[in-house]
Amino acid sequence: MDLKRAGLYIHFPFCRAKCPYCHFTSVPIEGRLIERWQTGLANEAAQSASEDYRVDTLYIGGGTPSLLGPDEMFRTRETLRANFRLDLAEFTLEANPDVRDEAFLQGWKDAGVSRLSVGVQSFDDRVLKILGRGYTVRQAEEFLDLARKAGFGTISLDLMIGVPTEKRSSLRTTLGRVREIGPDHVSLYILENVEGLPFESVVRDHPMDEDAAADAYELMRDGLEEAGLRRYEISNFAREGGECLHNLKYWHYESFLGLGPSACSHMGAMRWCNKPGLEAWASALAGGGGGDCREEVRPLPPEESVREALIFGLRLVRGISLGGFTERFGVDVMERFGREVGDLVEEGLILVEGDVLRIPDDKFLLSNQVFRRFV
Ligand code: SF4
């Protein structure tokens, strides 16, 4: 039987300390909380166990899952292996470059991690300090060295731009280091200022500048492309064949299951997210008695799926195939959204090239204006 494929996302909700700009679900780590998480994960995995699909991408994100030591990573992997049909083409672990212990990297490798997504953010110590990251450029470089020596075939770097007081010289320094290190993949994010976070006080003293962030994006995009990292999605760049298979599932609108507090899932026509707090999530699952750790469980109406699939597909540089879309969703995009597409073509925000609908290369920073028309 040809089983359907699905991605599996695991949310690890702890960090060493909370970064002042962070709005993700994570809390400072404490030993007994990891045990609570491991038990909750085992309960949720047992509850979600299925032989109906083949898990071909696994992504452990957070939080800072690189806090998982060799034994904890082994246990996590065994929990998943016991409950899912794992046939992994890719196993990503998000890592902070503050790990010094080689045994950790070896433990991840032994558990099957094939890809590290390293949250470096910048190769300028001044920027790291403003962001409140707890490591230096030198430490990040040492970590990346250890990762290569440990034999991780695929390394991705997260980089942040739009940081208050950022200078073009610091972006150039970062680009220079990226060229030397030669990662397979880069995710480039513009810093978001979310109200109510400690970072607000930094922004009060040094207001963020949207135009400067747009210039920074262009400088980095050009530099990354010159370094052989081709943009394939709004924020993601890769060498040939180095695209993130797990994240491609989101943009291709394919099924994925999320386990852990706040993790979201999209399986077939259903969508849900888990309770965000560790305690609420873990106690709903306590005892393995089948309690429901989910909230916002709902079927996706076909109309909503069509709009979402269109928006996700347009995030990709190559856009969507109009014929493929009709085949999959039974909808002719040019008929259903003729007026919206026509307006966007006139505004230069979208291109129709034969079978392909895509955002022009120089308009990706305006992609939210495109997406709004299809909501
Ligand atoms: S390490 Fe990442 S997830 Fe953790 S607080 Fe910092 S930004 Fe948030």
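Residues numbered from 1 in each chain as written. Predicted model: local features only at pLDDT ≥ 70, side-chain atom pairs only at ≥ 80, totals over all residues. Heavy atoms only, no water.

Engineer: Help me out: how do you make sense of the overall build of the protein in this one?
Structural biologist: Looking only at helices and strands, the protein features 15 helices and 17 strands. A compact globule built from 375 residues should have a C-alpha radius of gyration of about 21 Å, and the protein, at 21 Å, falls within 12% of that. For the protein, with 375 residues in total, the buried portion stands at 51%. Of all intrachain contacts in the protein linking residues separated by at least 6 positions in sequence, the fraction that spans at least 24 positions is 70%. When the accessible surface of the protein is split by element, carbon and sulfur atoms take 49% of a total near 17000 Å². One way to put it: in the protein the 45 positive side-chain charges average out to a point 2 Å from where the 60 negative ones average out. (Helix = DSSP H or I, 4+ residues; strand = E, 2+ residues; numbered from the N terminus. Rg over C-alpha atoms; globule rule 2.2 N^0.38 Å. Buried < 20%, exposed > 50% of the residue type's maximum accessible area, 1.4 Å probe, protein only. Contact = heavy atoms within 4.5 Å. Areas by Shrake-Rupley, 256 points an atom, 1.4 Å probe, with all protein chains shown as cover. Lys, Arg positive; Asp, Glu negative; His and termini not counted. Charge placed at Lys NZ, Arg CZ, Asp CG, Glu CD.)

Engineer: Sorry, what's going on with the site of the ligand here?
Structural biologist: Neighbouring the ligand are Cys-15, Ala-17, Lys-18, Cys-19, Tyr-21, Cys-22, Ser-26, Gly-63, Thr-64, Asn-96 and Arg-133. Class assignment for the residues of the shell around the ligand results in five nonpolar, four polar and two charged. (Near = heavy atom within 4 Å. Nonpolar A, V, L, I, M, F, W, Y, C, P; charged D, E, K, R; others polar.)

Engineer: It is not clear to me how a negative patch on the surface should be interpreted in this structure. Could you clarify?
Structural biologist: On the surface, a cluster of negative charge is contributed by Asp-209, Glu-210, Asp-211, Asp-215 and Glu-218. For Asp-215, the position within the fold is in helix H8 (residues 210-226). Asp-215 gets classed as partly exposed once you look at its relative accessible area, which sits at 42%. (Patch = residues over 30% accessible without salt bridge, like charges linked within 9 Å, V, L, I, M, F, W, Y side chains within 5 Å. Salt bridge = Lys/Arg side-chain N within 4 Å of Asp/Glu carboxyl O.)

Engineer: Even after reading the chapter, I still don't get the nonpolar core, so can you show me in this structure?
Structural biologist: One broad rule of soluble globular proteins: the nonpolar side chains tend to lie buried together. Residues Phe-84, Leu-105, Trp-108, Leu-116 and Phe-374 are the most contacted members of the largest nonpolar core, which totals 93 residues. Among the elements that take part in this core, helix H5 (residues 137-150) stands out by supplying seven residues, more than any other. Viewed by domain, this core spans two of them, domain 1 (4-250) and domain 2 (302-374), each represented by three or more residues. Setting aside residues no more than four positions away along its own chain, Phe-374 makes contact with Arg-307, Leu-310, Ile-311, Leu-314, Phe-337, Glu-340, Val-341, Leu-344 and Ile-350. Listed in part, the 10 residues of the second largest apolar core include Val-127, Val-163, Leu-191 and Phe-199. (Core = buried A, V, L, I, M, F, W, Y, C linked by side-chain atoms within 4.5 Å. Domains from an automatic or database assignment.)

Engineer: I keep staring at the state of the cysteines and nothing clicks. Help me out?
Structural biologist: The full count for this structure, using the stated rule, is one disulfide. The residue that forms a disulfide with Cys-264 is Cys-273, at a sulfur-sulfur distance of 2.0 Å. On the S-S bond that ties Cys-264 to Cys-273, the torsion sits near 100°, and the link is right-handed. The thiol sulfur of Cys-244 is not disulfide-bonded, and the nearest other cysteine sulfur, from Cys-264, lies at 17 Å. (Disulfide = S-S within 2.5 Å.)

Engineer: I'm lost on helix H15 (residues 367-374) in this one. Help?
Structural biologist: The α-helix advances 3.6 residues per turn, and as a result positions three or four apart in sequence lie on the same side. Residues Ser-367, Val-370, Phe-371 and Phe-374 constitute the buried set of H15. Across the axial projection of H15, the buried residues extend over an arc of 95°, all falling on one side. Set apart from the buried face of H15 by more than 90 degrees, the exposed residues are Asn-368 and Arg-372. Where H15 is buried, its residues meet helix H11 (302-314) and helix H14 (338-346). (Arc of directions from axis to C-beta.)

Engineer: How do you make sense of empty space enclosed by the protein when you look at a structure like this?
Structural biologist: In this approach the atoms are scanned with a rolling probe the size of a water molecule, which exposes any empty space left behind. Inspection of every chain in the model, using the stated rule, returns one cavity of 30 Å³ or more. Approximately 70 Å³ is the volume attributed to the largest cavity. Lining the largest cavity we find Gln-121, Ser-122, Val-127, Leu-159, Met-160, Ile-161, Glu-166, Ser-170, Leu-171, Thr-174, Leu-188 and Met-220. Those elements that place two or more of their residues in the lining of the largest cavity are strand S7 (154-161) and helix H6 (168-181). Its residues assigned to classes, the lining of the largest cavity shows seven nonpolar, four polar and one charged. (1 Å grid on protein atoms, 1.4 Å probe; cavity = no way out; pocket = protein on both sides within 12 Å on 5 of 7 lines; lining within 4 Å. Points joined across faces, edges and corners; volume = space filled by probe spheres on them.)

Engineer: I would appreciate a short explanation of the domain arrangement of the protein in the present structure.
Structural biologist: Interfaces are frequently sized by the accessible area removed from exposure as the parts join. Under the domain assignment used here, the protein contains domain 1 (4-250) and domain 2 (302-374). Centre-to-centre, using C-alpha coordinates, domain 1 lies 29 Å away from domain 2. Both sides of the domain 1 and domain 2 interface together cover about 890 Å² of buried area, and 63% of this is carbon and sulfur. Looking at the side of domain 1 facing domain 2, the largest losses of area belong to Arg-231, Glu-233 and Ile-234, adding up to 55% of the total buried there. Where domain 1 packs against domain 2, one counts one salt bridge. As a salt-bridge pair, Arg-315 and Glu-233 come within 2.5 Å of each other at their nearest N and O atoms. Our count for the contact surface shared by domain 1 and domain 2 stands at four residue pairs in polar contact (both at pLDDT 80 or more). Elements with a minimum of two residues in the side of domain 1 that touches domain 2: H8, strand S9 (230-233) and helix H9 (245-251). Considering each element in turn, the side of domain 1 that touches domain 2 owes the most residues, four residues, to H8. A class-by-class count of the residues in the side of domain 1 that touches domain 2 yields seven nonpolar, one polar and four charged. (Buried area = accessible area lost by both parts, 1.4 Å probe. Polar contact = N/O pair within 3.5 Å; in protein donor to acceptor, adjacent residues only side chain to side chain.)

Engineer: What am I meant to see in the sheet that holds strand S17 (residues 356-358) here?
Structural biologist: The strands making up a sheet are joined through hydrogen bonds of the backbone, oriented either antiparallel or parallel. With antiparallel pairing, the three strands of this open sheet are ordered in space as S15-S17-S16. Each having just a single partner strand, strand S15 (320-321) and strand S16 (351-353) make up the two edges of the open sheet. Bridge count for S15 against S17 is two bridges, and the pairing is antiparallel. Paired with Ile-320 across the bridge in S17 is Leu-357. (Pairing = 2+ DSSP bridges.)

Engineer: Quick question: what am I supposed to make of the pattern of salt bridges here?
Structural biologist: It is possible for side chains of opposite charge to pair when their charged atoms get near one another. Summed over all chains, the structure comprises 26 salt bridges. Taking the shortest distance from any N to any O, the salt bridge between Glu-141 and Arg-177 comes out at 2.4 Å. Taken together, the residues Glu-141 in helix H5 and Arg-177 in helix H6 connect sequence positions 36 residues apart. A salt bridge links Asp-362 to Lys-363, with the nearest nitrogen and oxygen atoms 3.5 Å apart. Accessibility expressed as a relative area gives 23% for Lys-363, which makes it partly exposed. Linked by salt bridges that have partners in common, Arg-5, Asp-56, Lys-249 and Glu-254 make up one network.

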